[in-house]
Amino acid sequence: MIRTENLEVSYSSGTRALHPCSLRFEDGAFTVLLGASGAGKSTLLRALNGLVTPTGGRVVVEGIGDLTTRRALQSHRRRTGMVFQQHQLIGRSSVLQNVLTGRLGFHSGLRTLLPPARAEKTRALEAIERVGLLDFALRRADQLSGGQQQRVGISRAIVQQPALILADEPVASLDPATADRVLSLLHGICKSDGITAIVSLHQLDFARRYSDRIVGLAQGAVVFDGPAARLGKTEVSRIYGTKPAEATDHFEPLPLKTGTYA
Ligand code: ADP
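Residues numbered from 1 in each chain as written. Predicted model: local features only at pLDDT ≥ 70, side-chain atom pairs only at ≥ 80, totals over all residues. Heavy atoms only, no water.

## With respect to the overall build of the chain
Check the secondary structure of the chain and you find eight helices and eleven strands. Sorting the 262 residues of the chain into buried and exposed places 49% on the buried side. Residue pairs at least 24 apart in sequence account for 70% of intrachain contacts in the chain once pairs closer than 6 positions are excluded. Just so you have it, the chain exposes about 12500 Å², and 50% of that area is on carbon and sulfur atoms. (Helix = DSSP H or I, 4+ residues; strand = E, 2+ residues; numbered from the N terminus. Buried < 20%, exposed > 50% of the residue type's maximum accessible area, 1.4 Å probe, protein only. Contact = heavy atoms within 4.5 Å. Areas by Shrake-Rupley, 256 points an atom, 1.4 Å probe, with all protein chains shown as cover.)

## Looking at the pairing of strand β5 (residues 56-61)
Where strand β1 (residues 2-10) and β5 come together, five bridges link them in antiparallel fashion. Considered in β5, the bridge of T4 is made with V59. Summarising the sheet, β5 and strand β6 (residues 65-66) pair through two bridges and their orientation is antiparallel. Its bridge partner being in β6, V60 is matched across the sheet by D66. Between the end of β5 and the start of β6, which pair antiparallel, lie three residues, with G63 showing a positive phi angle near 85°. (Pairing = 2+ DSSP bridges.)

## Comments concerning the pattern of salt bridges
Applying the stated criterion across every chain yields a total of 13 salt bridges. Among the salt bridges present, the one from R140 reaches D142, with a minimum N-O distance of 2.7 Å. For R140, a relative accessible area of 37% translates into the label partly exposed. Here R213 ties to D225 by a salt bridge, and the two come within 2.8 Å at their closest N and O atoms. (Salt bridge = Lys/Arg side-chain N within 4 Å of Asp/Glu carboxyl O.)

## Quick look at the site of the ligand
In the region of the ligand, 13 residues are neighbours, and G38, G40, K41, S42 and T43 sit closest. A distance of 2.7 Å separates an oxygen atom of the ligand from a polar atom in the backbone of G38. The side chain of T43 places a nitrogen or oxygen atom 2.5 Å from an oxygen atom of the ligand. Taken together, the residues that form the shell around the ligand break down as four nonpolar, seven polar and two charged. (Near = heavy atom within 4 Å. Polar contact = N/O pair within 3.5 Å; in protein donor to acceptor, adjacent residues only side chain to side chain. Nonpolar A, V, L, I, M, F, W, Y, C, P; charged D, E, K, R; others polar.)

## Notes on helix α2 (residues 70-78)
When α2 is considered as a whole, its buried residues turn out to be A72, L73 and H76. All buried residues of α2 lie within an arc of 95° about the axis, which places them on one face of the element. Projecting away from the buried face of α2 at angles above 90 degrees are the exposed residues R70 and R71. On the buried face of α2, the contacting elements are β1, β5, β6, β7 (80-83) and β8 (164-168). (Arc of directions from axis to C-beta.)

Below, the structure written as structure tokens:
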């Protein structure tokens, strides 16, 4: 379990990106942070991993404590996988090498300079197999499609055997059908492994489809917190800043899934 207590973030530019918020994320739950661009989703996610320092309040992780010490942060990051919008892969390195970077936090500085041990490679190949890319393990990452690259990103996160995955707009740069397949894959892995997931999205239909819980943000404030079933027109308009009459709770169905993977 990870929770925030009156967590607040203001950037040095003066932007108050996150108003004090207290949220509790239970183990194994798949939470979607929903909000328009600039709502504060990324700031909240980064604060949950110490990549942004709170200007107020705190983040507490069960079994680790307050994320204020270097030691606490290190233990928390080791069990937290990050998935980013732009994958952040090393393009000229192979899929396998990219996934192996997910294991770096487990080794001392000197060990990271040596070739990876066989057990580490096996672990990485297993993670690659889970996202359906075993045949591409030795391929350069930049030769893969956007959807495949994001599956490598997921593989790099799960090779850490994380308790928590934080995903920042993981499908924002993918077409709807590919995005659906990538989210379905991420959701399936988190559920089968009992991984707590906090995933920011700006697409309402995906949030509805995959979340156990939706936290809606608008201008740095939490304006909705509940299951998708409770998200009606009024709540949607509060999140997106539209008038209720303009908000819609009906969305076109996404294209049917074709093939196995993106
Ligand atoms: P979202 O992920 O929902 O798009 P962000 O958390 O990225 O929202 O941004 C929230 C607000 O904070 C926005 O107004 C954005 O311009 C601002 N912001 C984000 N990162 C920084 C930063 N590093 N420095 C200054 N302002 C920032």
